[in-house]
Amino acid sequence: METFGLVPVSLPLPIGISFFTFQAMSYVVDVYRGTVKAENPFYVGLYIAFFPQLIAGPIIQYNTIAEQIRHRKSNFNMFSMGISRFTVGLAKKILLSNAFAGMADNIFRWSMIGTERMAVPVMLAWLGSISYSLQIYYDFSAYSDMAIGLGLCFGFKFPENFNYPYIAESISDFWKRWHISLTDWFREYVYFPLGGSRVKNQDFMVRNMLVVWLLTGIWHGANWTFIFWGLMYFVFQLAERFFEYPKKMKSKFVKHFYTLMVVNALWVVFRADNLYQAGRFFMNMLGVNNNGFYSDLAVMMIRENIVFLVLGILFSIPIARNMNEILYKNPKSAVSRLGTIVYPIGLMALLVVCVAYMASGTYNPFIYFNF
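In this text the structure is predicted, and so the values were computed from the model without any measurement. Counting restarts for each chain: residues are numbered from 1 in the order of the written sequence. Reporting in this predicted model follows two pLDDT cut-offs: at least 70 for local features of residues, and 80 or more for side-chain atom pairs to be given and counted; totals over whole chains, interfaces and linings ignore these cut-offs and use all residues. The basis for every side-chain value is the complete set of heavy atoms in the structure, and neither hydrogens nor water enter the calculation.

**Description of the overall build of the protein chain**
Phase 1: What the protein chain contains, in helices and strands, is 15 helices and zero strands.
Phase 2: Seen along its three principal axes, the alpha-carbon backbone of the protein chain occupies a region of about 65 × 55 × 55 Å.
Phase 3: Under the scheme applied here, a residue whose accessible area is under 20% of the maximum for its type counts as buried, over 50% as exposed, and between as partly exposed, the area being computed with a 1.4 Å probe on protein chains only. By residue count, 44% of the 371 residues in the protein chain fall in the buried class.
Phase 4: Here a residue-residue contact requires only that any non-hydrogen atoms of the pair lie within 4.5 Å. Taking all contacts inside the protein chain whose residues are at least 6 apart in sequence as the whole, residues at least 24 apart take part in 75%. Counting from the N terminus, the helices are DSSP H or I runs at least four residues long and the strands are E runs at least two residues long.

See the structure below:
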């Protein structure tokens, strides 16, 4: 390749640069707007460099924790809640996300070899896409849980970053539940300043949405896969807005199925090394790559990971939250009292299992460390 005498330089970038950059930008913009007063530099330094959520969020706006920085209160209840939340996040990462990562990484790697040497049947391709959808959810939500938990230990209450996104009934609803802090940031500092949806000319609304989703794709990385991923979310949300979906669709099953299929397909683009690999992977999923349907390898991988797959699907819906509400609806009941004994014992056992897995397993960094 012609370089015109210039030597390409590969510079390592700080982990999580996009996260703490957005936090710093929000503070500067808020001070400029007058919604936040210029603060003590030590307070601002603590806000930007606070380590629990520094690397992968949640992205915190300064006015959210300004009062907590000035008048932080910590107590035993917050500390115990923080440790519990951290342990749950650790289990998500070590036990669930890493298990799905093993399947997804292998299948996507096989898809790169080529049809001639390693055909990826339909079953195997779908297992790979579903595994990655579960991997990225448990990987990213795990980090958010751990960050929120550590924040509680230090007396800080961070906003939630996930709200069971895989139960969404539209793409718009999905992005109200997935990476909530990023959605809030783009809405507050890009979409609204451009005029949002309250514009006389609908063309401006389309432009505003396009800018937001183009920037969302670029934020994830300088790769055409991320840009295409962001633009496709723009297309689907724009279509939902113009066709008044999901208001006109009455079937919850159809709405939920449509959302899962779109999200799962776009995670394939997100995971692929390039658009060519994404295209080949879609061809495998649709069975139009002379790849066949049945896969003994897929069956074997499902059997080996059936427990993780079942738990991953169950905990991606609010079953744990609903059980918790039922157990503690009446604090004086025998069930609630038993729960107060069993819950901490279960968490300690979970922590021991996680440590054992970390000691015997391979190292899998968080996906969003790359962004």
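**Looking at helix H4 (residues 76–113)**
Phase 1: Expected span, for any helix, means 1.5 Å times one less than how many residues it has. Here H4 spans 54 Å end to end across 38 residues, near enough to the 56 Å set by a 1.5 Å rise per residue.
Phase 2: A bend of about 35 degrees at serine 97 is the largest found in H4. Bend is computed residue by residue as the angle between axes fitted to the seven residues ending at the residue and the seven residues starting at it.

**With respect to unusual backbone geometry**
Phase 1: Unusually for a residue other than glycine, tyrosine 164 sits at a positive phi of about 45 degrees.
Phase 2: Residue placement: tyrosine 164 occurs in the loop between helix H5 (122–153) and helix H6 (171–177).
Phase 3: For tyrosine 164, a relative accessible area of 16% puts it in the buried group.
Phase 4: Of note, histidine 179 is a non-glycine position whose phi angle comes to about 45 degrees, a positive value.
Phase 5: Position of histidine 179 relative to the elements: it lies in the loop between H6 and helix H7 (180–191).

**Looking at the pattern of salt bridges**
Phase 1: For salt bridges, the criterion is a side-chain nitrogen of Lys or Arg within 4 Å of an Asp or Glu carboxyl oxygen. Summed over all chains, the structure comprises 11 salt bridges.
Phase 2: Between lysine 92 and aspartate 145 there is a salt bridge; the shortest N-O distance is 2.7 Å. Of the two residues, lysine 92 is situated in helix H4 and aspartate 145 in helix H5; the sequence distance between them amounts to 53 residues. You'll find lysine 92 and aspartate 145 in the same group, each marked buried.
Phase 3: We note a salt bridge from aspartate 105 to arginine 271, for which the minimum N-O separation is 3.2 Å. Taken together, the residues aspartate 105 in helix H4 and arginine 271 in helix H10 (residues 252–271) connect sequence positions 166 residues apart.
Phase 4: The class for aspartate 105 is partly exposed, based on a relative accessible area of 27%.

**Details of the environment of lysine 176**
Phase 1: If you trace the backbone, lysine 176 turns up in helix H6.
Phase 2: A C-alpha to C-alpha distance of 7.9 Å links lysine 176 and proline 165, two positions 11 residues apart in sequence.

**Here's the deal with the packing of H5 against helix H11 (residues 275–286)**
Phase 1: As a rule, the C-alpha atoms of each element are fitted with a line to give its axis, helices using only the stretch in contact, and angles between N-to-C directions run from 0 to 180 degrees. Two elements in contact, H5 and H11, have axes whose closest approach is 7 Å; the angle formed by their N-to-C orientations is 125 degrees. It follows from the interaxial angle that H5 and H11 lie oblique. Seen along the crossing, H5 lies across H11 with a hand that is left-handed. On the side of H5, the interface is formed by Val122, Ala125, Trp126, Gly128 and Ser129, while H11 contributes Phe281, Asn284, Met285 and Leu286.
Phase 2: Polarity classes work like this: nonpolar for Ala, Val, Leu, Ile, Met, Phe, Trp, Tyr, Cys and Pro, charged for Asp, Glu, Lys and Arg, and polar for all others, with Gly in that last group. Across the contact of H5 with H11, the residue classes break down as six nonpolar, three polar and no charged. Any angle between 65 and 115 degrees counts as roughly perpendicular, while under 35 counts as roughly parallel, over 145 as roughly antiparallel, and the rest as oblique. Note on convention: the crossing is left-handed when the near helix lies turned anticlockwise from the far helix by less than a right angle, right-handed when the turn is clockwise.

**Some details on the packing of aromatic side chains**
Phase 1: The rule is short: rings of Phe, Tyr and Trp, with Trp giving its six-membered ring, pair when the centres are within 6.5 Å, and they are stacked under 30 degrees, edge-to-face over 60, tilted in between. Going through the model one piece at a time under the given rule, you end up with 39 aromatic pairs.
Phase 2: Judged by centre distance (5.8 Å) and plane angle (75 degrees), the rings of phenylalanine 50 and phenylalanine 158 are edge-to-face. Taken as a pair, phenylalanine 50 in the loop between helix H2 (41–49) and helix H3 (62–70) and phenylalanine 158 in the loop between H5 and H6 lie far apart in primary sequence, 108 residues in all.
Phase 3: The exposure class assigned to phenylalanine 50 is buried, which follows from its relative accessible area of 10%.
Phase 4: Residue phenylalanine 158 is classed as buried on the basis of its relative accessible area, which comes to 7%.
Phase 5: Taking 5.1 Å as the distance between ring centres and 80 degrees as the angle between the ring planes, the aromatic pair formed by phenylalanine 140 and phenylalanine 162 counts as edge-to-face. Taken together, the positions of phenylalanine 140 in helix H5 and phenylalanine 162 in the loop between H5 and H6 put the pair 22 residues apart, joining distant regions of the chain. Of the two residues, phenylalanine 140 and phenylalanine 162, neither departs from the other in class, the shared state being buried.

**Re empty space enclosed by the protein**
Phase 1: Buriedness for pockets is judged along seven lines, at least five of which must meet protein on both sides within 12 Å for an open set on the 1 Å grid over protein atoms alone, while cavities are sets there where a 1.4 Å probe fits but cannot get out, and lining residues have an atom within 4 Å of a point. Grid points are joined across faces, edges and corners, and a volume is the space filled by probe spheres set on the points. Counting across every chain of the model gives one cavity of 30 Å³ or more.
Phase 2: As a volume, the largest cavity reaches approximately 30 Å³.
Phase 3: Elements with a contribution of two residues or more to the lining of the largest cavity: H2 and H3.
Phase 4: Each residue belonging to the lining of the largest cavity can be placed in one class, and the counts come to seven nonpolar, one polar and no charged.

**Let's talk about a nonpolar patch on the surface**
Phase 1: On the surface, Ile306, Val307, Val310, Leu311, Leu314, Phe315 and Ile317 cluster together into a nonpolar patch covering about 550 Å² of accessible area.
Phase 2: Within the fold, isoleucine 317 resides in the loop between helix H13 (306–314) and helix H14 (319–327). Only residues whose relative accessible area exceeds 30% and that take part in no salt bridge are eligible for patches, with like-charged residues grouped when within 9 Å of each other and nonpolar side chains (Val, Leu, Ile, Met, Phe, Trp, Tyr) grouped when within 5 Å. Residue-level accessible areas treat just the shown protein chains as cover; the underlying method is Shrake-Rupley with a 1.4 Å probe.

**Quick notes on the nonpolar core**
Phase 1: The nonpolar core is taken to be a set of buried Ala, Val, Leu, Ile, Met, Phe, Trp, Tyr and Cys residues, with the residues joined through side-chain atoms within 4.5 Å. Ranked by size, the top nonpolar core spans 64 residues in total, and within it Phe174, Trp178, Tyr233 and Trp267 carry the most contacts.
Phase 2: Take this core: its biggest share by element is 11 residues, from H5.
Phase 3: Beyond its immediate stretch of four places on either side in the chain, tryptophan 267 contacts Tyr132, Ser133, Ile136, Tyr166, Phe174, Trp178 and Trp229.

**Digging into the environment of tyrosine 164**
Phase 1: It is 8.8 Å that separates the C-alpha atoms of tyrosine 164 and phenylalanine 315, two residues lying 151 residues apart in sequence.
Phase 2: Every residue in contact with tyrosine 164, bar those within four places of it in the chain, is listed here: Tyr137, Arg177, Phe315, Ser316, Ile317, Pro318 and Arg321.

**Quick notes on the environment of serine 97**
Phase 1: Tracing the backbone shows serine 97 in helix H4.
Phase 2: For the pair serine 97 and tyrosine 132, spaced 35 residues apart in sequence, the C-alpha to C-alpha distance is 8.8 Å.
Phase 3: Other than its neighbours up to four places away in sequence, serine 97 contacts Lys92, Gln135, Tyr138 and Asp139.
Phase 4: Under the rule applied, a polar contact is a pair of N or O atoms within 3.5 Å (in protein, one hydrogen donor and one hydrogen acceptor; residues adjacent in sequence only if both atoms are side-chain atoms). A distance of 3.3 Å separates the side chain of serine 97 from the backbone oxygen of glutamine 135, its partner in a polar contact.

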